[in-house]
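Descriptive structure summary
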Amino acid sequence: MPNTLLTIGLVTRELLDCFENNLVFTKHIERKYSSEFARPGDKIGPSLAIRLPAQLRTQSGPNLSVQDYVEQSVNLVIDQQEHVDVQFSSFEMTLSLDDWRQRIGRPSGIVLANVVDAYGCGLYWQVPNAILSPATGTDKWLAYLQAGAVLADNGCPADGEWYAVLNQWEQAAVINGNKALFESSPELRRQYERGLMGQSAGLTWAWDQNIAAHTTGARGGASQTYVSTVAGGASINVAGFTAAAAPRLKKGDIFTLGDPAAPVAANVFAVNPVTRLSTGKLRQFTVTADVSSAADGTAVIPISPAIIGPATPANPRQTVDKLPTGGQVLTFLGAASTTYFQNEVFNRQAFAMAMCRLQEPFSGQAAYAVDADTGVAIRTWKASDIATDQHASRGDIAFGMCVPRPQWCCRVWSAV
């Protein structure tokens, strides 16, 4: 019997299924915004402002004291297009191409899903919270429990949408070192049979081979000290690098102002964003761009979050319990010039992703598949060349991601 060729509509649906089934990190982030893009008659362009809840303060006593109502937003921009392209002759399509899903659809879906996951994992540098994972598996468990505590310190809601996505080697170490902590038979069975941890410690666990690896900056110098804050609080001036113009820090490096062993007065602590009370933990900052020092060993470091201290009346966007003073030491996480996997513990709303349906082609055959629940959208497009008897096809996705609530994520650094 002759081969039965799949229609382009069925091919597109198969590709969407293969793509969505292979997502890991992206499967656990917020994806409700896709419906806002590329709507006929109401196109907003490639960017959507995601509105964040206003931060407000309470007032004591009977007197009215009106505060400014300030809403903040983060732009979600669809600016990434990825596609898988293949081409076959009439002979190949007629005589050999009989299992499209296994030979083309599944490999195409896998590679597209991995590209999207890798892009999302690569946004780790925007997250200012981090914990260094110990070397042994039994101690690693505590690091992930602490990561969950960091989310709570940052006002993250306990809504059952907390996830831990680990590099496969880190998850293997955690599972091996903590098998006895699980009492649920289904979860134990999942560990042994599939290498997955499932749900435990208030987290849903998964592994992703696309977890980013971060190499810390070379630094240089005995110690670096705070000099001053640049207006707005999103950068600081520091001194103490080796007296030479050279690269010092990498985007995504983490530091604190102070040392846990130093007196409390010498340290800058984080505050709970709701109560603005000190968490008793040093405020961590992430470096938001690569940094080089000047010839005299000074440097300007762009940071997140911005330094916003206590004020009268209280500033609802306060990030630290006190403003830093000159001479406070910068303490960096991890060793210099060392690579660490950036495992992540996060709430779904920490990250957001959107996809859109691409333009209808003017020639050839095209079809679309859209999952209304998740916003996943894929276009396939086929065309033939009469001069060469070649038949090309491509599967396209267009997407964007952002980090609207970086404080609701904590990186867990593990050695490579």
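Residues numbered from 1 in each chain as written. Predicted model: local features only at pLDDT ≥ 70, side-chain atom pairs only at ≥ 80, totals over all residues. Heavy atoms only, no water.

**Some thoughts on the overall build of the protein**
Along the backbone of the protein there are six helices and 24 strands. Counting across all 416 residues of the protein, residues that qualify as buried make up 44%. Carbon and sulfur atoms make up 55% of the accessible area of the protein, which totals about 20,000 Å². (Helix = DSSP H or I, 4+ residues; strand = E, 2+ residues; numbered from the N terminus. Buried < 20%, exposed > 50% of the residue type's maximum accessible area, 1.4 Å probe, protein only. Areas by Shrake-Rupley, 256 points an atom, 1.4 Å probe, with all protein chains shown as cover.)

**Here we look at the packing of helix α4 (residues 137-153) against helix α5 (residues 168-177)**
Axis separation between α4 and α5 bottoms out at 7 Å; the angle between their running directions is 105°. Classed by the angle they form, the pair α4 and α5 counts as roughly perpendicular. Across the interface between the two elements, Gly-137, Thr-138, Lys-140, Trp-141 and Tyr-144 of α4 pack against Glu-170, Ala-173, Val-174 and Gly-177 of α5. (Axes fitted to C-alpha atoms, helices over the stretch in contact; angles between N-to-C directions. Parallel < 35°, antiparallel > 145°, perpendicular 65-115°, else oblique. Contact = heavy atoms within 4.5 Å.)

**Some details on helix α1 (residues 8-21)**
Spanning 14 residues, α1 covers 20 Å between terminal C-alpha atoms, matching the ideal 20 Å at 1.5 Å per step. When α1 is considered as a whole, its buried residues turn out to be Ile-8, Val-11, Thr-12, Glu-14, Leu-15, Leu-16, Cys-18, Phe-19 and Glu-20. (Expected span 1.5 Å × (residues − 1).)

**Observations regarding the environment of Thr-338**
Relative to the assigned elements, Thr-338 resides in the loop between β18 (330-332) and β19 (339-347). Excluding residues within four positions of it along the chain, Thr-338 makes contact with His-214, Thr-215 and Thr-216. In terms of polar contacts, Thr-338 uses its side chain to reach the backbone carbonyl oxygen of Ala-336, at 2.9 Å. (Polar contact = N/O pair within 3.5 Å; in protein donor to acceptor, adjacent residues only side chain to side chain.)

**Re the side chain of Asp-396**
Here Asp-396 shows up in strand β23 (residues 390-402). The class of Asp-396 is buried, set by a relative accessible area of 1%. One polar contact links Asp-396 to Arg-394, side chain to side chain, over a distance of 2.7 Å. Setting aside chain neighbours within four positions, we find Asp-396 in contact with Gln-81, Glu-82, His-83, Leu-358, Ala-377, Ile-378 and Arg-379.

**Side note on the confidence of the model for the protein**
Put simply, the protein has an average pLDDT of 85, and 86% of its residues get 70 or more. Below a pLDDT of 50 lies the segment residues 1-5, which in the model reaches six contacts outside its immediate sequence neighbourhood of four places, other chains included. This stretch, residues 191-195, has a pLDDT under 50; its non-local contacts, to residues over four places away or in other chains, come to eleven contacts. (pLDDT = per-residue confidence, 0-100.)

**Notes on the pairing of strand β5 (residues 162-166)**
Across the five residues that make up β5, a large majority, five, are buried. What you see with β5 is no split at all: Trp-162, Ala-164 and Leu-166 on one side and Tyr-163 and Val-165 on the other are buried throughout. The pairing of β5 with β19 spans four bridges and is antiparallel. The residue of β19 that forms the bridge with Tyr-163 is Phe-346. Sheet topology note: the β5/strand β7 (residues 203-207) ladder contains four bridges and is parallel. Along β7, the bridge assignment pairs Val-165 with Ala-206. (Pairing = 2+ DSSP bridges.)

**Re α5**
All of the buried residues along α5 are Glu-170, Gln-171, Val-174 and Ile-175. With its buried residues spanning 130° around the axis, α5 presents them on a single face. More than 90 degrees from the buried face of α5, the exposed residues found are Trp-169 and Asn-176. Backbone nitrogen of Trp-169 and a side-chain oxygen of the N-cap are separated by 2.8 Å at the start of α5; the cap is Asn-167. (Arc of directions from axis to C-beta.)

**Regarding the nonpolar core**
By size, the foremost hydrophobic cluster in this structure holds 47 residues, and its most contacted members are Phe-19, Phe-346 and Phe-351. Here this core gets six residues from one element, more than from any other, and that element is α4. When neighbours within four sequence positions are excluded, Phe-346 is seen to be in contact with Phe-25, His-28, Ile-29, Leu-151, Glu-161, Trp-162, Tyr-163, Val-165, Phe-351, Trp-408 and Cys-409. With 18 residues, the next largest nonpolar core counts Ile-236, Val-238, Val-287 and Phe-332 among its residues. (Core = buried A, V, L, I, M, F, W, Y, C linked by side-chain atoms within 4.5 Å.)

**Observations regarding the pattern of salt bridges**
Considering all chains together, one arrives at eight salt bridges under this definition. Linking Glu-20 and Arg-31 is a salt bridge whose minimum nitrogen-to-oxygen distance equals 4.0 Å. Highlighted residues: Glu-20 in helix α1 and Arg-31 in the loop between α1 and β1 (47-52), separated in sequence by eleven residues. Given the relative accessible area of 13%, Glu-20 is considered buried. By relative accessible area, which is 11% here, Arg-31 ends up buried. One salt bridge in this structure joins Lys-250 and Asp-290, with 3.3 Å as the shortest N-O distance. In this pair, Lys-250 sits in the loop between β11 (246-249) and β12 (254-257) while Asp-290 sits in the loop between β15 (284-287) and β16 (291-293), placing the two residues 40 residues apart along the sequence. Looking at Lys-250, the relative accessible area reads 36%, which means it is partly exposed. (Salt bridge = Lys/Arg side-chain N within 4 Å of Asp/Glu carboxyl O.)

**A closer look at the sheet that holds strand β17 (residues 299-304)**
Pairing is antiparallel across the open sheet formed by six strands, whose spatial order is β9-β10-β17-β15-β12-β18. At either margin of the open sheet sits one strand with a lone partner, and together these are β9 (225-229) and β18. Averaged over all neighbouring strand pairs, the angle between strand axes comes to 45°, with direction disregarded.

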